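Examination of the molecular architecture
Each chain, written out:
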Amino acid sequence: MWRIKQNQITQISICGVVILLLSWCWLNQESRIDALQRSEIETSYTHQVDHNKQPYKDEFFTIEAKQQDISFYTNKESSNLRTYGTWSEPLVVRASVWDKLHIKAINSLPDPTTIHWHGIRVPLDQDGVPWISQDPIQPWATYDYMFSVWDPWTYWFHSHIDTAKQVAKWLYGILIVEDERFANMYDQERVRALKDYRLEEDWSLNEDFVVGMDHTMWGRLWNTRTINNEILPVYTAKAWDIVLLRLVNTSSARIYNLDLRQRKAKVVESDGWPIQTPYEPWVLQMGVGERYTLLVEIPDDAASLELVDIYYPEPSQLAVIDIEWNTIKTWQINTYTWDASVPDRRVLEWATPDFQVELGGMNVSGWDKMLSWWDSGWTINNKIHQEWDMMTHTNPLFSLQRNTLYTIRLNNNSQRDHPMHLHGDFFQVVWVNGRERPYAGRKDTVNVPAQWHTDIAIIPTNPWTWMFHCHINEHAEYGMMATLKIE
Ligand code: C2O
Ligand code: CU
């Protein structure tokens, strides 16, 4: 009896030792491979910035923030908006890679303002965040911005002060950095801003921007969706043409799910990065602040196309494209490969991300707490913006070293979506809810749906302390902002 027991014990302990040894080897092996691959990725990463680099050329622009009275419908009540451009077109600024932009911002508004260059890896003092990068530009004052652009494709710029009101009132423009490798791949280019407005019965703009339900719930969702400020525009396009469609979600809070089923529409860019393998999604989700560029092949077997948002069960039509007949031509979207220099996702099957970020917020039981600004609101790692001491830069969420690969899990524990935006640098979305993202591209803004988690990888390039916040303006104002330090 005793002998048997002893035998068993010996066997069990031998087994145990073998298992331990094996798992030690395996773990060790795993982490060595991981470290090796990480450093390979880090050293092959080429998207550096050098703020002292000689520019390819200098480009000079003047941007004036001004008031403008507009009517959403002819002969209807007009509304007082804010704009850098004209009513029907956002201001589009164009440059080439490595250009140095010199932009004189003129504030002709009755309120202070700034301009933030969303997605551009600028030096911190050009980033347009009030009190962190610069003092607000007072009414009738000017400010000179100067920075180089490193990466091609589509960016936007907007006021970064009182955003729930100023951006909501149309104070933004589009910045396009041309990608010469892509010229000749399309017949037409279209730049389109998606945006919604809350209109009254007389079609004038609802001017109630105070903190309230909008801040505590979805953000300020508005009742009228527009494209370049037009309600249900009708465009024309020619059959067989290839249209390069640059889309920017400039809304305060609205997230779009664009229905692209039965369209020949390839995604070629996200947030200023070419997609290595362009893909044709059924539904393209666009969180606030995100940009996507599509190559759309206009079909010859339909009289028109529609652009429809299906984020909510009730589909909402955004635009109609009437198709004109055309002489037959052969479609040829050339194949191409980009050096998008993205981390290889195979090595990013990490067990534990290097950092966890909890996105949270109030629940119904916290309702009256919420009405007091200091006690509660939308949180990042359970703190609202004041608690992150953003002005002093002394309390970042975490510090990252330049040229080092990190993995970060964004956990959305709340009941609302949060399109999270990082200033000054890029990341790559690797997994969404544990599932591989269908393509590789780098981004500065990613929507983290309610109750989901999104894993991102970052190799920081631009050392400063940067804002990291929800791009739903009301959520950011109500707490969902923090900073991240790059050393
Ligand atoms: Cu597009 Cu901090 O913003
Ligand atoms: Cu949010």
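Residues numbered from 1 in each chain as written. Chains lettered and ligands numbered in written order. Predicted model: local features only at pLDDT ≥ 70, side-chain atom pairs only at ≥ 80, totals over all residues. Heavy atoms only, no water.

On to the pattern of salt bridges. What the rule picks out here adds up to 20 salt bridges. Through salt bridges with shared partners, a single network forms among Asp-271, Glu-290, Arg-291, Lys-443 and Asp-444. (Salt bridge = Lys/Arg side-chain N within 4 Å of Asp/Glu carboxyl O.)

Burial along strand β14 (residues 256–259) is two-sided: the face carrying Tyr-256 and Leu-258 and the face carrying Asn-257 and Asp-259 are both buried. In this structure, β14 lies alongside strand β17 (residues 283–286), joined through four bridges in antiparallel fashion. For Asp-259, the partnering residue across the bridge sits in β17 and is Val-283. (Buried < 20%, exposed > 50% of the residue type's maximum accessible area, 1.4 Å probe, protein only. Helix = DSSP H or I, 4+ residues; strand = E, 2+ residues; numbered from the N terminus. Pairing = 2+ DSSP bridges.)

All told, the structure shown has 12 aromatic pairs when counted by the stated rule. The interplanar angle of 80° and the centroid separation of 4.9 Å between the aromatic rings of Trp-170 and Tyr-172 together place this pair among those described as edge-to-face. In this pair, the class of Trp-170 matches that of Tyr-172, namely buried. Plain terms: the ring middles of Trp-464 and Trp-466 are 6.1 Å apart, the flat faces sit at 75° to each other, and that makes the pair edge-to-face. (Phe/Tyr/Trp six-rings, centres within 6.5 Å; stacked < 30°, edge-to-face > 60°.)

Quick look at unusual backbone geometry now. Its identity as a non-glycine residue notwithstanding, Trp-131 has a phi of 70°, on the positive side. Its place among the elements puts Trp-131 in the loop between β5 (116–118) and β6 (142–148). In this structure, Asp-271 takes a positive phi of about 45° despite not being glycine. Considering the arrangement of structural elements, one finds Asp-271 in the loop between β15 (265–270) and β16 (273–279). Looking at Asp-271, the relative accessible area reads 0%, which means it is buried.

Let us now look at the sheet that holds strand β10 (residues 224–227). Strand pairing in a sheet relies on backbone hydrogen bonds, with the paired strands running either antiparallel or parallel. Here we have seven strands laid out as an open sheet, ordered β11-β10-β9-β13-β18-β15-β16, and mixed in their pairing. Only two strands of the sheet have a single neighbouring strand rather than two, namely β11 (230–231) and β16. Relative to strand β18 (residues 291–297), strand β13 (residues 242–249) is paired through seven bridges, and the arrangement is antiparallel. What sits directly across from Ile-242, in β18, is Glu-297.

A word on the confidence of the model for the protein chain. Summing up the model confidence of the protein chain, the mean pLDDT is 84 and the portion of residues at 70 or higher is 84%. For the protein chain, per-element mean pLDDT is lowest for helix α4 (residues 367–370), which scores 44, and highest for β5, which scores 98. Per-residue pLDDT stays below 50 along residues 363–375; that stretch engages in 18 contacts with residues further than four places along the chain or on separate chains. (pLDDT = per-residue confidence, 0-100. Contact = heavy atoms within 4.5 Å.)

Below, the discussion takes up the pairing of strand β31 (residues 465–470). With respect to burial, β31 is a largely interior element, six of its six residues being buried. Alternating positions in β31 separate into two faces, Thr-465, Met-467 and His-469 on one and Trp-466, Phe-468 and Cys-470 on the other, with burial throughout. Where strand β25 (residues 418–422) and β31 come together, three bridges link them in antiparallel fashion. In the sheet register, His-421 faces β31, and the bridge partner there is His-469.

Okay, empty space enclosed by the protein next. It is a probe the size of a water molecule, rolled over the atoms, that shows where empty space is left. Taken as a whole, this structure holds three cavities of 30 Å³ or more when the rule is applied. Roughly 80 Å³ of internal volume is contained in the largest cavity. Classifying every residue of the lining of the largest cavity gives seven nonpolar, no polar and three charged. If you add up the space inside the second largest cavity, you get close to 60 Å³. Lining the second largest cavity are Val-357, Phe-398, Leu-400, Ile-408, Leu-410, Leu-422, Phe-427, Ile-456, Ile-458, Phe-468 and Leu-484. Sorting the residues of the lining of the second largest cavity by element identifies β24 (406–412) and β30 (453–458) as the ones contributing at least two each. (1 Å grid on protein atoms, 1.4 Å probe; cavity = no way out; pocket = protein on both sides within 12 Å on 5 of 7 lines; lining within 4 Å. Points joined across faces, edges and corners; volume = space filled by probe spheres on them. Nonpolar A, V, L, I, M, F, W, Y, C, P; charged D, E, K, R; others polar.)

Next up on the list: the nonpolar core. By size, the foremost hydrophobic cluster in this structure holds 39 residues, and its most contacted members are Val-357, Ile-380, Leu-410, Met-420 and Phe-468. Broken down by secondary-structure element, the contributors of at least two residues to this core are β21 (355–360), β24, β25, β26 (427–432), β29 (445–448), β30, β31 and β32 (481–486). Among all residues touching Ile-380, those that are not within four sequence positions of it are Val-357, Glu-358, Leu-359, Trp-388, Leu-397, Met-420, Phe-468, Met-480, Met-481 and Ala-482. (Core = buried A, V, L, I, M, F, W, Y, C linked by side-chain atoms within 4.5 Å.)

Our focus in this paragraph is a negative patch on the surface. Together, Glu-77, Glu-200, Glu-201, Asp-202 and Asp-208 line one region of the surface with negative charge. Structurally, Glu-200 can be placed in the loop between β9 (188–197) and α3 (213–216). (Patch = residues over 30% accessible without salt bridge, like charges linked within 9 Å, V, L, I, M, F, W, Y side chains within 5 Å. Areas by Shrake-Rupley, 256 points an atom, 1.4 Å probe, with all protein chains shown as cover. Lys, Arg positive; Asp, Glu negative; His and termini not counted. Charge placed at Lys NZ, Arg CZ, Asp CG, Glu CD.)

An order of β23-β32-β31-β25-β29 is seen for the five strands of this open sheet, with the pairing classed as mixed. Since the sheet does not close on itself, it has two edges, and those belong to β23 (399–400) and β29, each with one partner.

Within the secondary structure layout, Lys-100 lies in strand β4 (residues 100–107). Despite its burial, Lys-100 remains without a salt bridge, the nearest opposite charge being carried by Asp-58 at 6.1 Å. Ignoring any residue separated from it by four or fewer positions in sequence, one finds Lys-100 in contact with His-51, Lys-53, Pro-55, Lys-57, Asp-58, Glu-59, Met-146, Phe-147 and Ser-148.

So, about the environment of Val-49. Along the chain, the position of Val-49 falls in the loop between α1 (2–44) and β1 (58–71). When the C-alpha atoms of Val-49 and Thr-461 are compared, they prove to be 6.6 Å apart, with 412 residues separating the residues in sequence. Other than its neighbours up to four places away in sequence, Val-49 contacts Arg-121, Trp-150, Arg-402, Thr-461 and Asn-462.

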